[in-house]
Amino acid sequence: MHIQGKRNAVRILFILAKAGEPVKRSAPADTCLVVHAEKRLQALDFWMRNPDYLASEILNQFDADPTQKKLLKIAETVMDGDEPDIRRLAMQRFLFGAWEALDDAIATLSLPGLVKMERKYSADGSKIRQTSYYLTVEGKTKAAELEKVEPLDWYAKRAEVVAEIAGTRTGNQLKSLQYQVAQYNDARHGSLIAPIRAEVEERLAKLQVSA
Amino acid sequence: MTDRRAKELPFPKAVSAATGCSVKEVNEILAQYSIEPAGTAPSARPLRVVRIAFSGQKEINSEFEPFSFEWEVDRNGVWGILAAENLVGKSSILQIVLWALRGRYKSLTATVRNWIEHVDVTFRVDGRFLRVEFDVEDGEPLGVVRYGSSPDTATDRVFDGTEEFQDVMQEIMLSALGLEPIPASQVAAGRIVPYDDGWAAYTGAFLTDAESDAIIGENVGGDLIQRLLQVYIGIPWVRTYFQAKRHTRLLEQDSAARRRKLQGLGGRSLDDLEAELMEINAKLQEEGANNLASQQLNSARTERDDLTTRVQALSNSLTDAKDTAATCRQSRIVAEQVVNALAEESAASHFFGLLKPHSCPRCSAKIEAVRFKKEQEDNECSVCAEKLVKVDPKELEAERAQAEERLKDAKKTDRDAERFVKRLETKLQESRNRLNDVGLTLNQLAAAGTAADAGILQSERDHLEGMIQAATAILEAENDSANDLLVVRAARDEAEHRVKQASIEIMAEVSSEVTRLCKGLGIRDVESVTLKRNAHVDVVKGGSLSKWKDLSPGEKLRLRIATVIALSRGAQSLGMGRHPGLLLIDSPGREEIQPEHLHEIISELVKLTADYPDYQMFISMTGVPSDLDGVPSSRIRYAEKGSSLW
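Being a predicted model, the structure only gives us computed values, none of them experimental.

Novice: Help me understand the overall build of chain B, please; the structure alone is not making it clear to me.
Specialist: When its secondary structure is counted, chain B shows 16 helices and 16 strands. In chain B, of all internal contacts separated by at least 6 residues, the share reaching a separation of at least 24 is 68%. Approximately 32900 Å² of chain B is accessible, and the part contributed by carbon and sulfur atoms is 49%.

Novice: In this structure, what is going on with the interface of chain A and chain B? I would like to understand it.
Specialist: When the parts of a complex come together, some accessible area is lost, and that lost area is often used as the size of the interface. Taken together, the contacts link 31 residues of chain A with 29 residues of chain B. When chain A packs against chain B, the two sides together hide about 2400 Å² of surface, and 66% of this comes from carbon and sulfur. Summed over the shared surface of chain A and chain B, the result is 6 salt bridges. Residues Arg7 of chain A and Glu344 of chain B are paired through a salt bridge, measuring 2.6 Å at the closest nitrogen-oxygen approach. Connecting chain A to chain B are 11 residue pairs in polar contact (both at pLDDT 80 or more). Only α1 (6-19), α5 (83-86), α6 (103-110) and α7 (137-146) of chain A provide two or more residues apiece to the side of chain A that touches chain B. Take the side of chain A that touches chain B: its biggest share by element is 5 residues, from α1 of chain A. Counted by class, the side of chain A that touches chain B contains 16 nonpolar, 6 polar and 9 charged residues.

Novice: Help me understand the nonpolar core, please; the structure alone is not making it clear to me.
Specialist: Here is a general trend for soluble globular proteins: nonpolar side chains tend to be buried in one another's company. Formed by 63 residues in total, the largest nonpolar core has its most connected members in Ile12, Leu41, Trp47 and Ile58 of chain A. Top element by residues in this core is helix α8 (residues 153-166) of chain A. It accounts for 9 residues. Those residues in contact with Trp47 of chain A that sit more than four places away from it in its chain are Tyr53, Leu54, Glu57, Val162, Ile165, Ala166, Arg169, Leu174, Leu177 and Gln178 of chain A. Listed in part, the 51 residues of the second largest apolar core include Leu98, Val112, Tyr202 and Leu584 of chain B.

Novice: Is there a simple way to think about the packing of aromatic side chains in this case?
Specialist: Given two aromatic rings, their pairing is described by the distance between the two centres and the angle made by the two planes. Residue and element names in this part refer to chain B. Per the stated rule, a full pass over the model turns up 17 aromatic pairs over all chains. Taking 6.2 Å as the distance between ring centres and 85° as the angle between the ring planes, the aromatic pair formed by Phe69 and Trp71 counts as edge-to-face. We note that Phe69, like Trp71, is buried. With centroids separated by 4.0 Å and ring planes inclined at 5°, the aromatic side chains of Phe159 and Phe165 adopt a geometry described as stacked. For Phe159, a relative accessible area of 1% gives the class buried. Residue classification places Phe165 among the buried residues on the basis of a relative accessible area of 0%. Of the aromatic side chains, those joined through ring pairs into one cluster are Phe54, Phe67, Phe69, Trp71, Trp79, Trp115, Phe618 and Trp646.

Novice: Help me understand the environment of Ile523 of chain B in this model?
Specialist: All names here are of chain B. Along the chain, Ile523 turns up in the loop between α14 (450-521) and β11 (526-531). Separated by 32 residues in the primary sequence, Ile523 and Glu555 place their C-alpha atoms 6.0 Å from one another. The contacts of Ile523, once residues within four sequence positions are left out, are Cys518, Glu555, Arg558 and Leu559.

Novice: Would you mind showing me how to read the pattern of salt bridges here?
Specialist: In total, this model carries 46 salt bridges over all chains according to the counting rule given. Between Glu147 of chain A and Lys18 of chain A there is a salt bridge, with the nearest N and O atoms lying 3.1 Å from each other. Of the two residues, Glu147 of chain A is situated in the loop between α7 and α8 and Lys18 of chain A in helix α1; the sequence distance between them amounts to 129 residues. Here Asp416 of chain B makes a salt bridge to Arg419 of chain B, at a shortest N to O gap of 3.3 Å.

Novice: I'm lost on the pairing of strand β2 (residues 31-36) of chain A in this one. Help?
Specialist: Side-chain positions along a regular strand alternate between the two faces of the sheet. All names here are of chain A. Taken across its 6 residues, β2 has 5 buried, putting it largely inside the fold. Bridge count between strand β1 (residues 21-22) and β2: 2 bridges; the pairing is antiparallel. For Pro22, the partnering residue across the bridge sits in β2 and is Leu33. Where β2 lies against strand β4 (residues 128-136), 5 bridges are found, and the strand directions are antiparallel. Paired with Leu33 across the bridge in β4 is Leu135.

Novice: Help me out: how do you make sense of unusual backbone geometry in this one?
Specialist: Excluding glycine, residues mostly carry a negative phi; peptide bonds, for their part, are mostly trans. Cis geometry is adopted by the peptide bond preceding Pro151 of chain A, which originates at Glu150 of chain A and carries an omega value of -5°. Along the polypeptide, Pro151 of chain A turns up in the loop between α7 and α8. Unusually for a residue other than glycine, Asp126 of chain B sits at a positive phi of about 50°. On the secondary structure map, Asp126 of chain B appears in the loop between β4 (116-125) and β5 (128-137). Located in the positive-phi region is Asp138 of chain B, a residue other than glycine, with phi close to 55°. Tracing the sequence through the fold places Asp138 of chain B in the loop between β5 and β6 (140-148). Residue Asp138 of chain B is classed as exposed on the basis of its relative accessible area, which comes to 82%.

Novice: What am I meant to see in the confidence of the model for chain B here?
Specialist: All names here are of chain B. Summing up the model confidence of chain B, the mean pLDDT is 79 and the portion of residues at 70 or higher is 81%. Considering only residues more than four positions removed or in separate chains, one finds that residues 1-6, a stretch of pLDDT under 50, has 5 contacts. Note on residues 184-188: pLDDT is under 50 here. Beyond four places in sequence and across chains, it has 16 contacts. Of the two predicted TM-score estimates for the complex, the pTM is 0.47 and the ipTM is 0.82.

What counts and what doesn't
Residues numbered from 1 in each chain as written. Chains lettered and ligands numbered in written order. Predicted model: local features only at pLDDT ≥ 70, side-chain atom pairs only at ≥ 80, totals over all residues. Heavy atoms only, no water. Helix = DSSP H or I, 4+ residues; strand = E, 2+ residues; numbered from the N terminus. Contact = heavy atoms within 4.5 Å. Areas by Shrake-Rupley, 256 points an atom, 1.4 Å probe, with all protein chains shown as cover. Buried area = accessible area lost by both parts, 1.4 Å probe. Salt bridge = Lys/Arg side-chain N within 4 Å of Asp/Glu carboxyl O. Polar contact = N/O pair within 3.5 Å; in protein donor to acceptor, adjacent residues only side chain to side chain. Nonpolar A, V, L, I, M, F, W, Y, C, P; charged D, E, K, R; others polar. Core = buried A, V, L, I, M, F, W, Y, C linked by side-chain atoms within 4.5 Å. Buried < 20%, exposed > 50% of the residue type's maximum accessible area, 1.4 Å probe, protein only. Phe/Tyr/Trp six-rings, centres within 6.5 Å; stacked < 30°, edge-to-face > 60°. Pairing = 2+ DSSP bridges. pLDDT = per-residue confidence, 0-100.

See the structure below:
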């Protein structure tokens with residue numbers, strides 16, 4: 001295949017566009033949204049790539065507040081048909097630190113000036129304290145354009161859901177949550193994360209009945 | 001007598017008249033039980049001693065003295081064994097003859113028995129050659145019996161021991177003399193069983209000696225004496241009587257046994273049983289539906305078993321089909337992912353291709369305009385100056401088309417697999433439902449208990465039918481044998497009557513002869529001796545009645561001899577009797593007999609053989625040859641005082 005993983009870049013672009021928080025005054029010029037911490041970006045990306053885990057979180061929130069009927073609807077959409085399987089992009093490694101590098105995607109995005117990555121280091125410069133991913137104004141504009149392009153519009157929509165579900169929780173919080181779910185469902189086999197589609201479907205079915 | 005006989009009805013006719021059965025039936029039944037409706041007994045076959053020989057060793061005061069004795073006696077008439085003194089072995093000679101004849105010794109002293117080593121006695125039986133020869137080892141005989149029409153054609157029968165010896169002699173003698181084993185029955189193990197008295201019993205009629213404490217035969221009392229008496233005198237109908245009597249007893253016994261068996265049917269009559277059977281049959285019929293029910297039950301069971309198998313098979317197939325469907329689905333997913341990937345990557349590439357590179361991702365340095373120009377003109381990457389590879393839209397399209405094609409196939413396969421699974425699921429569900437229904441049906445049928453009831457009734461019926469069958473068989477047998485019993489009993493009664501009739505006359509004749517002889521033999525004051533059919537004797541002497549036990553030993557002896565003579569003579573004169581014509585008379589002079597009476601006895605005995613030349617008689621006694629008046633000395637073995645006979 002001639003095409004190299006450009007859609008990864010698309011995915012990350014939309015994550016930043018939908019889940020980024022507005023920048024502060026100390027942000028680089030021409031940026032509008034930011035996702036602080038690689039972990040958070042990765043966790044959000046995890047939900048993009050594993051619809052069954054996303055649905056599981058949606059149902060958790062529904063359990064917490066059953067009046068939120070729309071959550072059930074969203075979960076249904078997420079779990080619709082073969083979506084969870086088709087849309088799954090398997091994560092090879094899941095250990096702390098050995099997360100999939102987003103470097104290529106970021107490079108693709110920063111080249112045309114859509115995204116700026118900034119690293120903050122420790123006082124002595126030996127450790128990365130924080131990586132921040134800024135969406136530029138140009139990035140936001142292009143994202144809006146791309147949103148209308150099929151079949152990439154799916155990623156925009158899904159990024160919206162992920163953003164909503166994630167809320168303002170930190171990367172650590174999201175990651176540990178995801179670990180727990182994997183653990184709970186015996187889906188964490190060493191370094192691999194297995195799908196939990198069947199369990200989530202069952203849960204969804206039960207909730208649909210009672211709703 | 002001939003007159004009397006002429007007045008008699010034929011035996012079967014008489015029985016028929018008594019029972020009401022037809023003569024044919026009577027004959028059939030008599031034949032069935034081998035009861036001879038015959039009025040005569042077969043004539044006697046003669047038995048003679050031809051030669052007597054024996055040898056051994058006497059042991060006296062630890063000294064051994066060999067001896068041997070040999071005597072050719074092949075003539076009728078009287079033979080004498082005399083000795084001036086006692087205890088010189090004159091009895092032994094006769095006892096040895098008897099031993100050879102019977103197969104067991106009677107009154108041979110142990111002393112003599114031990115001395116004897118070899119015995120060899122030859123007889124003539126109904127003209128045939130019979131030679132008994134044996135050694136004595138440890139007091140037991142061991143030898144051979146030769147029997148045949150002549151010495152050359154004789155067959156050998158070997159024996160070892162008294163029992164075998166007896167068996168051999170019995171077999172040969174009874175058939176040779178035409179004597180039947182005396183039919184009798186005795187109680188054995190609580191049951192009346194028929195058995196046959198053998199040759200040994202007959203031989204009692206040959207010998208009279210001092211030790212026999214009965215008139216004729218050896219044992220006192222019982223049927224045996226009567227039978228011996230009657231057989232030797234040959235009272236007609238005796239045999240028929242005893243045969244019929246025996247079978248009457250047996251039939252009565254069988255009948256009693258059948259009655260006991262009927263009791264085993266719980267005291268119900270045949271009518272009761274049949275009524276019960278009718279009831280059950282009615283029940284079975286009215287629940288003929290039960291047959292249907294049990295058929296239904298059976299077919300339900302079969303269906304359930306079939307369905308269970310089917311469900312299992314379908315379940316297995318379904319599992320396989322689901323696995324296949326999962327694989328197909330997975331392939332389809334992958335195919336879809338490929339199609340997506342192509343589309344998305346294509347769009348993404350296009351999008352990013354349109355974007356102008358802004359700054360280096362590595363160092364964030366701005367990318368100069370001159371670089372852009374180079375890219376557009378020379379196809380050189382503005383970032384890394386490598387040759388830009390342009391994507392051929394046609395190639396892309398071709399790849400996309402292929403991916404779509406593959407997806408189409410994968411979808412079709414997936415759909416087929418899914419459809420197959422659904423079909424199996426439907427079938428499985430149907431089978432499960434059907435199995436459920438059948439299960440319910442089974443439960444209902446079982447609860448209704450119809451099939452089980454039919455089974456119970458059925459086995460009750462079988463049981464009753466069995467009992468009825470048994471009862472019917474018993475009753476039928478009873479009826480049949482009742483008829484038999486009727487006839488046999490009537491035959492017995494008729495024969496008994498005839499025996500009585502005949503014997504009255506015969507016994508009267510014999511009795512008068514015995515009386516005459518007794519007088520002649522010197523029994524004092526004897527007026528009459530009446531011999532009865534049951535071998536009892538009434539003696540009237542001195543005006544009063546005496547029984548056997550009332551007589552002195554001497555009188556007993558003389559009476560015994562008189563009886564033997566009279567019986568023998570009686571049998572001959574009447575043309576009846578089966579006595580083989582051999583008499584062994586041992587020591588008639590022993591018991592206080594005065595010489596003149598002894599003389600009387602002897603002359604009577606001698607006269608008997610003169611009158612009836614078919615007799616062979618051996619007399620052993622203490623005396624001198626002149627005591628045996630009329631007997632030539634060549635026929636006498638005599639031991640003078642101081643010498644022995646052997």
